[in-house]
Amino acid sequence: MNISSIVDTISTAIEGSKTPVNILPPMLLKCTSLLRPGLSAYRIAAKVIQNNKALGIPTEENPDGQQNFINSYTYNIVKEIVNAIKNDASVQTSIPASSILIQASGGNAGGPVVCTGTNLLDSIATGIMQ
């Protein structure tokens, strides 16, 4: 068995196990999203370096006192990945028809008027990933 067939087998297994993400209720989504701190290359790199230490990968200065380039390399990779996610990623959503409800009130010569309505077509919303 060559490496190509091994990669194909693993890729097929992973593709077959994909399940759609659970949809959160809007209120829960809003509450949890407000508590997220956003992406930080420093925080991610620190956790990776901490995990490296737990795995036995040296994280302190080298025995001769020089800088540990594994830590610098780790931060450099994480920084570029975070930069790509923040600056190159695209977030697009779809708002299904009839999912936005409105109620409006007003008045005319006949008295108060209350109107209800909804979006008629699917809409597209865009955002910034942070």
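Described below are features of the structure shown in this document. (Residues numbered from 1 in each chain as written. Predicted model: local features only at pLDDT ≥ 70, side-chain atom pairs only at ≥ 80, totals over all residues. Heavy atoms only, no water.)

### Examining helix α4 (residues 69-88)
Then, in step 1: Between its first and last C-alpha, α4 extends 27 Å over 20 residues, near the 28 Å set by a 1.5 Å rise per residue.
Then, in step 2: For α4, the complete set of buried residues consists of Asn71, Thr74, Val78 and Val82. Here the buried residues of α4 occupy an arc of 60° about the axis, which is enough to place them on one side. Looking at α4, the residues exposed on the side facing more than 90 degrees away from the buried face are Phe69, Tyr73, Asn87 and Asp88.
Then, in step 3: Close packing links the buried residues of α4 with α3 (41-54).
Then, in step 4: Taking the backbone nitrogen of isoleucine 70 as reference, a side-chain oxygen 2.8 Å away marks asparagine 68 as the first, capping residue of α4. (Helix = DSSP H or I, 4+ residues; strand = E, 2+ residues; numbered from the N terminus. Expected span 1.5 Å × (residues − 1). Buried < 20%, exposed > 50% of the residue type's maximum accessible area, 1.4 Å probe, protein only. Arc of directions from axis to C-beta. Contact = heavy atoms within 4.5 Å. Polar contact = N/O pair within 3.5 Å; in protein donor to acceptor, adjacent residues only side chain to side chain.)

### Topic: a nonpolar patch on the surface
Then, in step 1: Taken together, the side chains of Ile3, Ile6, Val7, Ile10 and Ile14 define a hydrophobic patch exposed on the protein surface, amounting to about 450 Å² of accessible area.
Then, in step 2: Inspection of the secondary structure puts valine 7 in helix α1 (residues 3-16).
Then, in step 3: Overall, valine 7 belongs to the partly exposed group, its relative accessible area being 44%. (Patch = residues over 30% accessible without salt bridge, like charges linked within 9 Å, V, L, I, M, F, W, Y side chains within 5 Å. Areas by Shrake-Rupley, 256 points an atom, 1.4 Å probe, with all protein chains shown as cover. Salt bridge = Lys/Arg side-chain N within 4 Å of Asp/Glu carboxyl O.)

Honestly, that's just the spatial picture; any functional story needs more than this.
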